[in-house]
Amino acid sequence: MTTFTRTNTETFTRTSANYLVSKVAADLRQMQRLHGAPSDAMIADYVEELITLLAGGYVDSVEYGFKRGNNWVVALRYLVNSDGSISATDDRPGRVPLGDVRGTGFGSFLVTSSKWSILSSVERERIERALPFVRTPGSEPGGTWNYGGRAYSKDGVSLRRGAIGQ
């Protein structure tokens, strides 16, 4: 009797994170073209933050969009999956939602992972100092997410994209 063993090892690196975040950046640029925000500078800052945190495994989800009060009007959410279970899907970015964003403000909300929680306060502070901006604690804006859209994946990590808007 012959036994075969197959090993599939994927290593998620900062380069892998850069690939995934380039798709998020393309979505944000399309949002900018359609709705006037975020600015180029904000996109650059969001990109740098997400690459750093994603490469370390410190993100559970991140949302970007326009909110009125405490509710998203037009927004994108990226759910991070690092177990490789849906890594077969790697869609093209685009088709961001439309909607009436008059009287709204653009913002972002990030949920850190359990891996972030187990870091020492010194380690968290070191990482936060390297980020382009400081996030403040807050409540997650409300809204009903539609996950019929896209997913981006690289080296065993995927971002499942949800959207609010039309």
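Residues numbered from 1 in each chain as written. Predicted model: local features only at pLDDT ≥ 70, side-chain atom pairs only at ≥ 80, totals over all residues. Heavy atoms only, no water.

### Points about the overall build of the chain
Here is step 1 of the chain: Across its full length, the chain carries four helices and five strands.
Here is step 2 of the chain: Counting from the amino terminus, the chain carries its helices and strands in the arrangement α-α-β-β-β-α-α-β-β.
Here is step 3 of the chain: A globule of 166 residues ought to have a C-alpha radius of gyration of about 15 Å, and the chain, at 17 Å, matches this closely.
Here is step 4 of the chain: C-alpha extents for the chain along the principal axes are approximately 70 × 40 × 25 Å.
Here is step 5 of the chain: Out of the 166 residues belonging to the chain, those deemed buried represent 40%.
Here is step 6 of the chain: Within the chain, contacts between residues at least 6 apart in sequence are counted, and of these 76% link residues at least 24 apart.
Here is step 7 of the chain: Accessible surface, the chain as shown: approximately 9,400 Å² in total, 48% of it carbon and sulfur.
Here is step 8 of the chain: A gap of 5 Å separates the mean positions of the 20 positive and 17 negative side-chain charges of the chain. (Helix = DSSP H or I, 4+ residues; strand = E, 2+ residues; numbered from the N terminus. Rg over C-alpha atoms; globule rule 2.2 N^0.38 Å. Buried < 20%, exposed > 50% of the residue type's maximum accessible area, 1.4 Å probe, protein only. Contact = heavy atoms within 4.5 Å. Areas by Shrake-Rupley, 256 points an atom, 1.4 Å probe, with all protein chains shown as cover. Lys, Arg positive; Asp, Glu negative; His and termini not counted. Charge placed at Lys NZ, Arg CZ, Asp CG, Glu CD.)

### What about the nonpolar core?
Here is step 1 of the chain: Core analysis: the biggest nonpolar cluster contains 36 residues, and L53, Y64, Y78 and F106 have the highest contact counts within it.
Here is step 2 of the chain: Secondary structure elements with two or more residues in this core: α1 (14-35), α2 (40-56), β1 (59-68), β2 (71-81), β3 (105-112) and β5 (157-164).
Here is step 3 of the chain: The biggest single contributor to this core is α1, with seven residues.
Here is step 4 of the chain: Judged by nonpolar contacts, the second largest core, of five residues, contains A75, F109, W145 and I164. (Core = buried A, V, L, I, M, F, W, Y, C linked by side-chain atoms within 4.5 Å.)

### What to know about the packing of α1 against α2
When two helices pack together, their arrangement is given by the angle between their axes and by how far apart the axes lie.
Here is step 1 of the chain: Interhelical geometry of α1 versus α2 gives an angle of 150° and a closest axis separation of 9 Å. What the angle tells us is that α1 and α2 run roughly antiparallel. The hand of the α1/α2 crossing is right-handed. Here R14, A17, N18, L20, V21, V24, A25, L28, R29 and Q32 of α1 lie close against α2, whose contacting residues are D40, I43, Y46, V47, E48, L50, I51, T52, L54 and A55.
Here is step 2 of the chain: Residues belonging to the contact of α1 with α2 are distributed by class as follows: 13 nonpolar, three polar and four charged. (Axes fitted to C-alpha atoms, helices over the stretch in contact; angles between N-to-C directions. Parallel < 35°, antiparallel > 145°, perpendicular 65-115°, else oblique. Left-handed = near helix turned anticlockwise from the far one by under 90°. Nonpolar A, V, L, I, M, F, W, Y, C, P; charged D, E, K, R; others polar.)

By themselves, these observations are geometric and do not establish any function.
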